[in-house]
Amino acid sequence: VPHDQTLFEERHLCYISPLGKGNFGCVELCRYDPLGDNTGELVAVKKLQPNKGSNLEDFQKEVKMLSVLHCDYIVKYRGVCYSMGRLSMSLVMEYLPYGSLTGYVWTNRHNITTRRMLLFSSQICKGMEYLQMQRYVHRDLAARNILVANESLVKIADFGLTKVLPFDKEYYRLSQPGQSPLFWLAPECLNENKFSHKSDVWSFGIVLHELFSYCDNSINPKRLCLQEIGQNVQGTSLSMHLANMLASNWRLPAPPNCPLQVYSLMKDCWTYDFDKRPSFSDLSNRFMCFRDLIAG
Ligand SMILES: CC(C)(Nc1nc(-c2c[nH]c3ncc(Cl)cc23)ncc1F)C(=O)NCC(F)(F)F
């Protein structure tokens, strides 16, 4: 596929297998094979859920948002494929063969060094720094939404919940509680549906916790929070319980064998007051120093 090509003909898009369900639809592994000889490129095709009209606009917004992102640490947009005579469309992205970070880190937990975890962390941080420059708030930063391109490269993906900040405001207020998973959300998101670069920094801290826990499901953020809340979740909603815990300064415990400097950086991302949280560029600089400092 010539890389400037942004229009994929449906008849050459050969379905191979399902990849998963993301925000706004399912994603399938396909081969774009115009020569019909199986030499075509593997691509990830995100199909829009059918007959959800409103989603078509949002979907076209996601396509538009992705098409202008050019960063080594963000999944590459390849183009679109129209079907049913332009009534439906699919988003075509590069296919990353190693899959999502959660699966990769857990499967390879015995031979991923701290050094490589810090490399992945700094790449996610740089990808978020780039997004911030474009005034994009991801709103769903989580290890499951990071893809592994190869042993030493990860990329941010799944921009289904991403919002562009208005030119005159540094935060985005959702009209009603969104579908972001609670356990990755900053207090101001839980309490006021307020999303910003600084709430993405909070989620980035949660991603570090997942990463340095080797994405071990038995100690994932949801399970640790629910353990802390205990079984006595009466009337008060889960998000209220979580907001109260965070307000009384409860935070996720340090992952087993996590370097102290890394845990202290996570805690900085979880500063209650969003104005006092570090920015992604502050965090990038700190990772630069770490990688020399922490062996492994
Ligand atoms: C919904 C979907 C498909 N889920 C999965 N994608 C891939 C997966 C594996 N390789 C991929 N290459 C490109 C893309 Cl867009 C996805 C994959 N692998 C496993 C998934 F569950 C996805 O988009 N997840 C968000 C992402 F992981 F991408 F951040």
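Just so it is clear, the model here is predicted, and its values are computed rather than measured. (Residues numbered from 1 in each chain as written. Predicted model: local features only at pLDDT ≥ 70, side-chain atom pairs only at ≥ 80, totals over all residues. Heavy atoms only, no water.)

## Here's the deal with the sheet that holds strand E1 (residues 13-22)
Strand order in the open sheet made by the 5 strands is E1-E2-E3-E5-E4, with antiparallel pairing throughout. Across the chains shown, the open sheet's two edge strands, defined by having one partner strand only, are E1 and strand E4 (77-83). For this sheet, the mean angle separating the axes of adjacent strands, direction not counted, is 30°. (Pairing = 2+ DSSP bridges. Helix = DSSP H or I, 4+ residues; strand = E, 2+ residues; numbered from the N terminus. Axes fitted to C-alpha atoms, helices over the stretch in contact; angles between N-to-C directions.)

## Remarks on the site of the ligand
The immediate surroundings of the ligand are formed by 17 residues, with Gly22, Val27, Leu96, Asn145 and Ala157 found nearest. Leu96 is positioned with one of its backbone polar atoms (N or O) 2.7 Å from a nitrogen atom of the ligand. The site holding the ligand turns out to be the largest pocket. Those elements that place two or more of their residues in the shell around the ligand are E1, strand E5 (88-94) and strand E7 (146-150). (Near = heavy atom within 4 Å. Polar contact = N/O pair within 3.5 Å; in protein donor to acceptor, adjacent residues only side chain to side chain. 1 Å grid on protein atoms, 1.4 Å probe; cavity = no way out; pocket = protein on both sides within 12 Å on 5 of 7 lines; lining within 4 Å. Sits in = over half its atoms within 2 Å of the grid points.)

## Quick notes on the pattern of salt bridges
The tally for this structure, following the rule as stated, stands at 10 salt bridges. The salt bridge partner of Glu28 is Lys47, with a shortest N-O separation of 3.8 Å. Residue Glu28 is found in strand E2 (residues 25-32), and its partner Lys47 is found in strand E3 (residues 41-48); the two are separated by 19 residues along the sequence. Look at Lys47 and you get partly exposed, because its relative accessible area is 30%. Put simply, Asp268 and Arg286 hold a salt bridge, and the shortest N to O gap is 2.7 Å. In this pair, Asp268 sits in helix H8 (residues 260-269) while Arg286 sits in helix H9 (residues 280-293), placing the two residues 18 residues apart along the sequence. By relative accessible area, Asp268 is classed as partly exposed at 28%. In this structure Arg286 comes out as partly exposed when scored by relative accessible area, which is 26%. (Salt bridge = Lys/Arg side-chain N within 4 Å of Asp/Glu carboxyl O. Buried < 20%, exposed > 50% of the residue type's maximum accessible area, 1.4 Å probe, protein only.)

## Details of unusual backbone geometry
Here the phi dihedral of Asn38 falls at roughly 65°; this positive angle occurs in a residue that is not glycine. One can find Asn38 in the loop between E2 and E3.

## Quick word on the confidence of the model for the protein
Chain-level statistics for the protein give a pLDDT mean of 91 and a share of 93% at 70 or above. Prediction confidence for the complex, expressed as pTM and ipTM, is 0.92 and 0.93 respectively. (pLDDT = per-residue confidence, 0-100.)

## Notes on the packing of aromatic side chains
Here the distance between the centres and the angle between the planes together describe a pair of aromatic rings. With the rule as written, the count across this model stands at 6 aromatic pairs. Here the aromatic rings of Tyr98 and Tyr104 are separated by 5.7 Å at their centres, their planes lie at 75°, and the arrangement is edge-to-face. Look at Tyr98 and you get partly exposed, because its relative accessible area is 34%. Here Phe287 and Phe290 contribute two aromatic rings whose centre-to-centre distance is 6.0 Å and whose plane-to-plane angle is 85°, an arrangement assigned as edge-to-face. Highlighted residues: Phe287 and Phe290, both in helix H9, separated by 3 residues, approximately one helical turn. Over the face of the ring belonging to Trp184 we find Arg144, whose NZ or CZ atom lies 4.9 Å from the ring centre. The ring of Tyr171 carries the charged tip of Lys194 above its face, separated from the ring centre by 4.4 Å. (Phe/Tyr/Trp six-rings, centres within 6.5 Å; stacked < 30°, edge-to-face > 60°. Lys NZ or Arg CZ within 6 Å of the ring centre and 35° of its normal.)

## Topic: the pairing of E2
On a regular strand, one side chain projects to one face of the sheet and the next to the other, so that they alternate. Most of E2 sits out of view: 6 of its 8 residues are buried. As defined by bridge partners, E1 adjoins E2 across 8 bridges and the pair is classed as antiparallel. Along E2, the bridge assignment pairs Leu13 with Tyr32. As judged from the 8 bridges shared by E2 and E3, these two strands associate in the antiparallel manner. For Val27, the partnering residue across the bridge sits in E3 and is Lys46.

## Here we look at empty space enclosed by the protein
For the structure on display, the rule yields 1 cavity of 30 Å³ or more. Looking at the largest cavity, its volume works out to about 100 Å³. In terms of lining residues, the largest cavity is bounded by 13 residues, among which Phe183, Trp202, Ile206, Cys225 and Leu246 are the most central. Looking at the lining of the largest cavity, the elements that each hand over two or more residues are helix H5 (197-212) and helix H7 (238-247). Along the lines of polarity and charge, the residues of the lining of the largest cavity split into 12 nonpolar, no polar and 1 charged. (Points joined across faces, edges and corners; volume = space filled by probe spheres on them. Nonpolar A, V, L, I, M, F, W, Y, C, P; charged D, E, K, R; others polar.)

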